[in-house]
Amino acid sequence: MVDTDARSAWQLFQLNWLPIVAMGGLLAFGLPATGLSLEPLAYGITLAIAMLLIAIAYRHQLARGERADPKLVFSLGTIGQVILTCAIVGPLSYVAGKLNWPLQDDALLAIDRAFGLDPEPIARFVNDHPWLADVLARGYGLIKWPLLAIPVALTLTARYVRLQEFMLAMSLALAVTIAISAMVPAIGTYYGLQLPAAHFPEINTMIYAGQLRDILALRDGSLHELHLFFLSGIVSFPSFHAASAVLYMWALWPVRGIGGIAAALNMLMIVATPVIGAHYLVDVVGGIAVAAASIWATKYYVARLGRTTTVSAAPAPVWQPSLAE
């Protein structure tokens, strides 16, 4: 990693605040507009942790100047941005769901069936093979840890620009996913099939039960206060599990010894999404498309940024070359 890469990464790190601030502004406006509120204790603790990490990163850069360690700055700073982003988009998805656009389960199910991909026989097959149901349940839960592991892995291997590209692509994908989900709300395959979750006893349907509970409570007005640590993934189309799997694979692919493993685990998460997440197959396709578009937009923007000399960001620090290699 050369000095100019750390400088470019710093510019991107600064610019990555734009989508975070934009989504935060939408949340601040959307909560009172929809009659929703946030339980303050858990949310305050989460924000405090995020801001502490970000403050340490900025403090280290300002105090050390040219001796600042980019590994420390980008790892802590980006982890702080990730935590802050997750704390915003979770409640923001509930604000989007509160718009109460007509449910599109019938339409999504019809699209699946038009392509010969009926979710019921797929779920039945998994239910008849408990070992497969257990593997898929574990695979579906892989969405959380890469959010912390990717900043560490990419900074330790001095891929600072790649890390900031990942952060930007993820923010774009989240924003697009929430916007689309507001217009195409759905509950999930079991709801569309008019089957109770208990119909497939070998499949872990706790995630579906949570989204069913919260979506119906949002729509009938009985849900008012959002508890950050108990929010469900209420977005069906497009699937952010599928989108995140693509983003994780792309982010870690250049890392020797990790890229292949990450690809295999995230392919498992994609396969698990229709069954454990009760997603329609078109949800998965939509999520993959959103991730691909976000990556393309990020790479296009970074390429344009590299061809310009005027960038709307704070001045880049002078990194010590030996620390940026």
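Undergrad: Even after reading the chapter, I still don't get empty space enclosed by the protein, so can you show me in this structure?
TA: Empty space among the atoms can be located by rolling a probe the size of a water molecule over them. Within this structure, the stated rule accounts for two cavities of 30 Å³ or more. Reported here for the largest cavity is a volume of approximately 140 Å³. If you go around the largest cavity, you meet 14 residues; those closest to its centre are Gly-97, Ser-181, Pro-185, Ile-215 and Ile-234. Among the elements of the structure, α4 (70-97), α9 (160-183) and α11 (206-220) are those that each provide at least two residues to the lining of the largest cavity.

Undergrad: Explain the layout of surface pockets to me, please; I cannot follow it from the model alone.
TA: Empty space within the largest pocket amounts to approximately 1,500 Å³. Lining the largest pocket are 36 residues, and of these Ile-143, Lys-144, Leu-231, Ser-232 and Gly-233 sit closest to its centre. When residues of the lining of the largest pocket are traced back to their parent elements, those giving at least two are α4, α8 (146-156), α9, α11 and α12 (240-252). Counting residues per element, the lining of the largest pocket draws most heavily on α4, which supplies seven residues. Along the lines of polarity and charge, the residues of the lining of the largest pocket split into 23 nonpolar, eleven polar and two charged.

Undergrad: How do you make sense of the nonpolar core when you look at a structure like this?
TA: Soluble globular proteins tend to bury their nonpolar side chains together. In this structure, Phe-74, Ile-150, Phe-166, Met-170, Ile-203 and Leu-247 are the most contacted members of the largest nonpolar core, which totals 99 residues. With 13 residues, α4 is the largest single contributor of residues to this core. Filtering out sequence-adjacent residues up to four positions away, Ile-150 remains in contact with Leu-163, Phe-166, Tyr-248, Ala-251 and Leu-252.

Undergrad: Sorry, what's going on with the confidence of the model for the chain here?
TA: Close reading of the predicted structure is inappropriate where its pLDDT is low. For the chain, mean pLDDT is 91; residues scoring 70 or higher make up 93% of the total. Here helix α15 (residues 321-324) stands out as the least confident element of the chain, with mean pLDDT 37; α12 is the most confident, with 97. The low-confidence segment residues 309-314 (pLDDT under 50) makes nine contacts with residues lying over four places distant or belonging to another chain. Segment residues 320-325 is flagged for pLDDT under 50; beyond a separation of four residues in sequence, or across chains, it makes 18 contacts in the model.

Undergrad: I'm lost on α4 in this one. Help?
TA: An α-helical turn contains 3.6 residues, so a residue and the one three or four places further along point in the same direction. Between its first and last C-alpha, α4 extends 39 Å over 28 residues, near the 40 Å set by a 1.5 Å rise per residue. Of all 28 residues that make up α4, 23 are buried, and the element is covered over most of its length. Between the side-chain oxygen at the start of α4 and the backbone nitrogen of Lys-71 there is a gap of 3.0 Å, and the oxygen is on Asp-69.

Undergrad: I keep staring at the packing of aromatic side chains and nothing clicks. Help me out?
TA: We describe a pair of aromatic rings using the distance from one ring centre to the other and the angle between the two ring planes. The full count for this structure, using the stated rule, is ten aromatic pairs. Ring geometry for Phe-13 and Tyr-58: centres 5.8 Å apart, planes at 45 degrees, overall tilted. Note that Phe-13 is positioned in helix α1 (residues 3-15) and Tyr-58 in helix α3 (residues 40-64), a separation of 45 residues in sequence. Within the aromatic cluster, the residues linked to one another by ring pairs are Trp-10, Phe-13, Trp-17, Tyr-58, Phe-74 and Tyr-160.

Undergrad: What should I look at first to understand a nonpolar patch on the surface in this one?
TA: Residues Leu-41, Ile-45 and Ile-49 make up a contiguous nonpolar surface patch of roughly 290 Å² in combined accessible area. When you line up the elements, Ile-49 lands in helix α3. Owing to a relative accessible area of 43%, Ile-49 belongs among the partly exposed residues under this scheme.

Undergrad: I would appreciate a short explanation of the pattern of salt bridges in the present structure.
TA: A side chain of one charge can pair with a side chain of the opposite charge when the charged atoms of the two come close. According to the stated counting rule, one finds five salt bridges in the structure shown. The partner of Asp-134 in a salt bridge is Arg-138, and the shortest N-O contact between them spans 3.1 Å. Linking Asp-134 with Arg-138, this pair stays in helix α7 (residues 130-140), spanning four residues, or about one helical turn. Its relative accessible area of 38% is what places Asp-134 among the partly exposed residues.

Undergrad: Mind showing me how you'd approach helix α2 (residues 17-34) here?
TA: Here α2 is 18 residues long and its end C-alpha atoms lie 25 Å apart, about the 26 Å a rise of 1.5 Å per residue gives. Buried residues of α2: Trp-17, Pro-19, Ile-20, Met-23, Leu-27, Gly-30, Leu-31 and Thr-34, and no others. Along the long axis of α2, the arc covered by the buried residues comes to 165 degrees, so they all point the same way. Of the exposed residues in α2, the ones pointing more than 90 degrees away from its buried face are Leu-18, Val-21, Ala-28, Phe-29, Pro-32 and Ala-33. After α2 finishes, the residue Gly-35 shows a positive phi value of roughly 80 degrees.

The rules we used
- Sequence order as written defines residue numbering, which begins from 1 separately in each chain.
- In keeping with the predicted nature of the model, local features appear solely for residues at pLDDT of at least 70, side-chain atom pairs appear and are counted solely at 80 or more, and the whole-chain, interface and lining totals rest on all residues.
- Just so you know, side-chain values use all the structure's heavy atoms and leave hydrogens and water out.
- Both site types are read off a 1 Å grid over the protein atoms alone. A 1.4 Å probe that fits but cannot get out defines a cavity, while an open set with protein on both sides within 12 Å along at least five of seven lines defines a pocket; lining residues have an atom within 4 Å of a point.
- Grid points are joined across faces, edges and corners, and a volume is the space filled by probe spheres set on the points.
- Think of it this way: any DSSP run of H or I at least four residues long counts as a helix, any run of E at least two long counts as a strand, and we number them from the N terminus.
- Note on residue categories: nonpolar means Ala, Val, Leu, Ile, Met, Phe, Trp, Tyr, Cys or Pro, charged means Asp, Glu, Lys or Arg, and polar means any other residue, Gly included.
- Among buried residues, those of type Ala, Val, Leu, Ile, Met, Phe, Trp, Tyr and Cys that are joined through side-chain atoms within 4.5 Å constitute a nonpolar core.
- In this scheme, a residue with accessible area under 20% of its type's maximum is buried, one over 50% is exposed, and one in between is partly exposed, where area comes from a 1.4 Å probe on protein chains only.
- Whether two residues are in contact is decided by their heavy atoms: any pair within 4.5 Å suffices.
- Along the chain, pLDDT gives the predictor's confidence residue by residue, from 0 to 100.
- A helix is expected to span 1.5 Å multiplied by its residue count minus one.
- In the analysis that follows, any N or O atom pair within 3.5 Å is treated as a polar contact, provided that within protein one partner can donate a hydrogen and the other can accept it, and provided that, for residues neighboring in sequence, both atoms belong to side chains.
- Note on ring pairs: Phe, Tyr and Trp rings are taken, using the six-membered ring of Trp, and paired if centres are within 6.5 Å. Classes follow the plane angle, with under 30 degrees stacked, over 60 edge-to-face and the rest tilted.
- Patch building starts from residues that exceed 30% relative accessible area and form no salt bridge, then joins like charges within 9 Å and nonpolar side chains (Val, Leu, Ile, Met, Phe, Trp, Tyr) within 5 Å.
- The Shrake-Rupley method, run with a 1.4 Å probe, gives the accessible areas here. Residue values count only the displayed protein chains as cover.
- The working definition used for a salt bridge is a side-chain nitrogen of Lys or Arg within 4 Å of a carboxyl oxygen of Asp or Glu.
- It is the directions from the helix axis to the C-beta atoms whose arc is reported.

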